[in-house]
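Coordinate inspection notes
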Amino acid sequence: MQSSPILEVRRLTRGYPNGTATLTVLNEVSFSVQSGETCAILGPSGSGKTTLLGLCAGLDAPSSGDVLLAGRPLAGLDEDGRAKVRNDVVGFVFQNFQLIPTLTALENVMVPMELRAEGSAVRRTVEKEAGELLQRVGLGERLHHYPTQLSGGEQQRVALARAFINKPKILFADEPTGNLDADTSHRIVDLLFAMNSEWGTTLIIVTHDIELAARTGRILRLRGGQLVSDERHRMLAGGPAAPPLEAHA
Amino acid sequence: MMALLQALFSPWTWVMAWRDSRTSRARLFLFSTTIVLGVSALVAIGSLGRNLHEAIQEQAKGLLGADLVLQSRSAFTPAMEEFFRGLPAVEQSREVSFSSMVYFPKSQGTRLVQVRALAGGFPYYGGLETAPASARDAFRSGQGALVEESLMIQYRGAMGDPIKVGNAETRIAGTLLKIPGETVAFATVAPRVYITMDEAEKSGLLNRGSLVRYKAAFKLPAGMDAPSLVRRIRPQLEEFRLSHETVERRQEDLGRSMENLNRFLNLAGFVSLLLGAVGIASAIHVHIQQKLASAAILRCLGSTVARSFAIYLAQAIGLGAAGVLLGTVLGLAVQQAIPHLIADFLPFTVAFKIHPWPVLQAMATGLGVCILFALGPLLAVRRVSPLAVIRGGELGAAEKDPAQWAVALALAAAVIGFGISQTHKWEQGLGFAAGLGAAFGVLSMVAKGLTRAARAWTPRSWPYLLRQGLANLYRPQNRTLLLMVSLGLGTFLILTLYLVQRTLLTQLIPQHDASRPNAALFDIQMDQKDAVAEIVRAQGLQVIHLSPVISMRLKSVKDRPIEEILKDRARAIPNWVLRREYRSTYRDHLTDSENLVKGQWIGTATPGAEPFPISLDEGIARDLHVTLGDSLVFDVQGVPVKTTVASLRRVDWRRVQSNFFVVFPKGAIDDAPGFAILTTRVESSEASARLQRAVVREFPNVSAIDLTLILQTLDQVLGKISLVVRFMALFTVLTGFLVLVGAVLTGRFQRVRESVLLRTLGASRRQVLGILLAEYTLLGLMASATGVLLAALAGWVLARFVFEVSFAFVAIPLLVAVIAVTLVTVVTGLLMSLGVTRHPPLAVLRAEG
């Protein structure tokens, strides 16, 4: 079943000034991701994965090319415009969790919705939803704990709850297990895929973990800032096993 | 801007600001105290200004004691008396005042006082307060004199004791406590003795050429407007050369003086507030640096720039509001103390009330300045890239935010605006802002220079602890700039005040020189001068100068009559120079306090051979716009005397000796009536008292000025003034100290991990403290040294261009200041850092989060 692309990347290039020259980190990358797809961006360090994620999620502006996110071209938007798009359609999960240290787990989860709408009635609804989400990720007893009072795995669960609170159309995960031990990583990844499947969200994971990438339906390989392969090996993510993949240097 | 305002008015912004401040509230509250003193000063002074204004309005009539007062330097003529009688007054009084020695036979004390002879019911408003109260009626009915309280204490006077003024002898009727419109400070300088008009006549002191003032005071019918009466009688006032004073004029003059006092105090308070705001800016800077990661997360989750900025702006507003509220409470308490400080300078009593408007103004100023200073570091939030969340480290954009310029401009406009609003003169307002800006600029430049020098020139051969201490000066998040500015500015302000006071005192106190006179006898009649000189010599003292003094007024300058010049509105010559009474002398030599700067000194002249060649003081020649060869005609007690300017002299007016604006050659006016001044040198106050007693006993009309007494009096008055100044300076010093504590604490929060890491790697507590010691010593030393240099420069500029005197540089107190400020910095720095080294590294790491 083919739906309209939720993410369309057109000849995306990102360079940074380096003295008198320009260092091109990403060069003419094009691809599109359909709604509901799960996709991994795989590549060695310095291949441009994080830059590509930043550009796709509207965290940065490209040197040239364009990104269409949920049908909206990001090129014409200023930073506040891109922030609105992020808040409307994007969810994030980061390697180092990126929770606000001064907020409780519940408050951290509430932030994206609070940014969207205000009012005491809304707040009550958001608080209820956030509580339910934390319950869903197994932290129902730790709503009022601060990030420093939670383990790494627990922090990533809070981040997962936060990522889903605004019912995003697309979820970007940047090395979501990079700071976790193997056991915790497995549990978090299972939870991520389960929730993704449950909410029908498009998932894009940036990783160099082949095993994790193998759980997605599609793998985009980057090397030296260029897209070197685009492999679709299953239609739906979260299946029991992944096909063997050749290792990257 | 609209987006920011919208975000700022959104309740969620404040909820988020409150949530986000959880771990830093205590710290932020501590930093808010840096503006407490500045705000409290402004609150207290704002209300003081309003209270002074109200007191002047309420006690208006009591300030003058009458509705109209007319004054003259010469005795009222029958024509004047006729004119006074024709005025529509309900009651009128006369007062004659002059300076003279008063002699207390019982204690054998003599002292130069202001003698006032009163006839009539003056004061009509405000009352003459005496102790006992009945003494006032006793005095009015001619039963004795009223003597100033300070004199009664000094000479152990009691009711009924005899006192002698010139040839008149009377008894003390009681103590004079208060007279309308005069200050305690004035009474300290010139203690007053009230006698009756008959006794003044009997004293024989009224017709001896010395300065006597004649005053007529009028009580007008109820509802009569004194200013319009003055307008009506102006031609007669000019004809009789009478000056006038009305309640309205006294109110205006007093109001102006009080406003000046208020403005000075307000500016001092504002400086303290600015210094505190620097502390706030630094605290916000550190706070924001710690919050940039959270700001990046918020941006990543979809927060707009304005929204995330508003959250941290709300925190800064909260921080400022806490400081402002505390400052207001303290200010209202301080307000009770200020009237006691300045009571001696006020000719009226001040009832202290809290006025909401000045308090609100002060609060708004405090909050406004605080927010403006906080905006600079807050702007970093606007430049946070959401990309930082995945990239890490890249929290702010490298390029400068153009809004920084807008903030800097707004800050400069606010300081200039406040300066102008207080001084009411744009040049002075600009000068105030420029001076502060220059001090900030120099201190910032020194701080930058210091960090660069520490980075570039720290030799590798130096001990590790010293190198680490120096490295702390330029490492990221260093406090070099903040400490340099706060410590340097505090040192600069305090020392500038000290140096100016010192310079002025040095001007007033002549150099110690055994050959120079330190006492003067004046009002010596010409026929008494040999006998007085004999008494002086009999006391074993030397007659250093014996100068004749002839009173005269200018009649014409360069052939233009004075009246004509006075009518010329475009004239450059000041009024007082044309109208004043010149007390001139004649002699054939220059004294050691004079130098000839232009022309030829001509010491003798043939009587009648006009115009006489005279010598002028170069200052008065400049004021009169005359030079060598120009003609001046003097009215020497009715006789016109033509002169030409033959020479100009530079006169050292600081010397206690008979200095003159105009010196005639010997032979020119020798026969004119006058009196003489004799100067001598006494080695002790006992010798001075002996001389005064001997002279006054023989010649009661002769007055004596004792330099030691003048210096004591001056010291008292300056002491009271400097108490007020120091009180205000205290606000700045304490603010500087609070900023220092705050800066050290922010440093502590920043450095704690570094210290813990060092300790984890095996550094001892001593070694960690050694690094801090090196850092604080250097900071304290550089900041205080820069502050001292700036103060010396400001002191010199003020001495040279404002007070027009030579600058008195003093090395030792400045050196002491450098050492003291460095010590305070080091001790505070180490005390505030003790917690870091006292606990085990793990405990500290957990506690600091």
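Residues numbered from 1 in each chain as written. Chains lettered and ligands numbered in written order. Predicted model: local features only at pLDDT ≥ 70, side-chain atom pairs only at ≥ 80, totals over all residues.

Observations concerning the overall build of chain B
Applicable threshold: Helix and strand definitions follow DSSP, with helices as H or I runs of at least four residues and strands as E runs of at least two, each counted in order from the N terminus. Put simply, a residue is buried when 20 or more other C-beta atoms lie within 10 Å of its own C-beta and exposed when 12 or fewer do; between those, it is partly exposed, and each C-beta is set from the backbone. Contact between residues is assigned whenever the C-beta positions, reconstructed from backbone atoms, fall within 7 Å.
A tally of regular secondary structure across chain B gives 29 helices and 21 strands. Within chain B, the fraction of its 849 residues that count as buried is 43%. Of all intrachain contacts in chain B linking residues separated by at least 6 positions in sequence, the fraction that spans at least 24 positions is 84%.

Points about the environment of Arg82(A)
Residue and element names in this part refer to chain A. With respect to the helices and strands, Arg82 occurs in helix α2 (residues 79–89). In the structure, Arg82 is positioned 24 residues away from Gly58 in sequence and 5.7 Å away in space, judged by C-alpha atoms. Leaving out residues up to four positions away in the same chain, Arg82 has contacts with Gly58, Leu74 and Leu77.

Notes on the interface of chain B and chain A
Just so we agree on the cut-off: When residues are sorted by character, Ala, Val, Leu, Ile, Met, Phe, Trp, Tyr, Cys and Pro go into the nonpolar class, Asp, Glu, Lys and Arg into the charged class, and all the rest, Gly among them, into the polar class.
Taken residue by residue, the interface counts 22 residues in chain B and 25 residues in chain A. Elements with a minimum of two residues in the side of chain B that touches chain A: α2 (11–20), α12 (247–300) and α16 (388–391) of chain B. Of the residues assigned to the side of chain B that touches chain A, the class counts are ten nonpolar, seven polar and five charged.

Digging into the sheet that holds strand β6 (residues 90–93) of chain A
Residues and elements named next belong to chain A. Rules: One requirement defines pairing of two strands: DSSP has to find at least two bridges between them. Convention adopted: a line fitted to C-alpha atoms gives each axis, helices being fitted over their contacting stretch, and angles between N-to-C directions are expressed from 0 to 180 degrees.
Pairing is mixed across the open sheet formed by six strands, whose spatial order is β6-β7-β8-β3-β9-β10. Only two strands of the sheet have a single partner each, and these edge strands are β6 and β10 (226–232). Going from strand to strand, the sheet's axes swing by 15° on average, the running direction of each strand aside. Sheet topology note: the strand β7 (residues 170–174)/strand β8 (residues 202–207) ladder contains five bridges and is parallel. Looking at β8, one finds that Asp174 is bridged to Val206.

Focus on the nonpolar core
The tendency in soluble globular proteins is for nonpolar side chains to be buried side by side. Spelled out, the test is: Definition of nonpolar core: a set of buried Ala, Val, Leu, Ile, Met, Phe, Trp, Tyr and Cys residues joined via C-beta atoms within 7 Å.
Counting residues in each nonpolar core, the largest one holds 285 residues, and the members touching the most others are Ile280(B) and Leu378(B). Top contributing element to this core by residue count: α12(B), with 24 residues.

With respect to the sheet that holds strand β2 (residues 21–34) of chain A
Residues and elements named next belong to chain A. Read across the sheet, four strands follow the order β2-β1-β4-β5 without closing on themselves; strand pairing throughout is antiparallel. This sheet does not close on itself; its edge strands, each paired only once, are β2 and β5 (72–73). The pairing of strand β4 (residues 64–69) with β5 spans two bridges and is classified as antiparallel. Counted as the bridge partner of Leu69 is Arg72 from β5. Across the face of the sheet, helix α1 (residues 49–56) comes into contact with β1 (5–18), β2 and β4 while running at roughly 120° to β1.

Re unusual backbone geometry
It is generally the case that most residues other than glycine have a negative phi and that most peptide bonds are trans. Between Phe122(B) and Pro123(B) the backbone carries a cis peptide bond, its omega angle lying at -5°. Position of Pro123(B) among the secondary structure elements: in the loop between β3 (109–119) and β4 (129–131). Cis geometry marks the peptide bond from Ala131(B) to Pro132(B); its omega dihedral reads -5°. Note that Pro132(B) resides in the loop between β4 and α7 (134–140). Even without being a glycine, Gln98(A) presents a positive backbone phi close to 55°. Along the chain, the position of Gln98(A) falls in the loop between β6 and α3 (105–116). Although it is not a glycine, Glu175(A) adopts a positive phi angle of roughly 45°. Inspection of the secondary structure assignment puts Glu175(A) in the loop between β7 and α6 (182–199).

As for the pairing of strand β5 (residues 145–148) of chain B
All names here are of chain B. Judged by which residues are buried, β5 turns out to be covered on both faces: Ala145 and Val147 on one side and Leu146 and Glu148 on the other are all buried. The sheet contact formed by β5 and strand β7 (residues 168–178) spans four bridges and is parallel. Residue pairing for β7: Ala145 is matched across the bridge by Ile172.

Remarks on the confidence of the model for chain B
Threshold: Values of pLDDT, which run from 0 to 100, indicate the predictor's confidence residue by residue.
Chain-level pLDDT for chain B is 82 on average; 88% of the residues reach the 70-or-more range. Here the predicted complex scores 0.69 on pTM and 0.85 on ipTM.

Regarding the confidence of the model for chain A
Looking at chain A, pLDDT values average 85 and 91% of them are 70 or higher. Residue range residues 235–249 of chain A is modelled with pLDDT below 50. Its contacts to residues more than four positions away, or to other chains, number 23 contacts.

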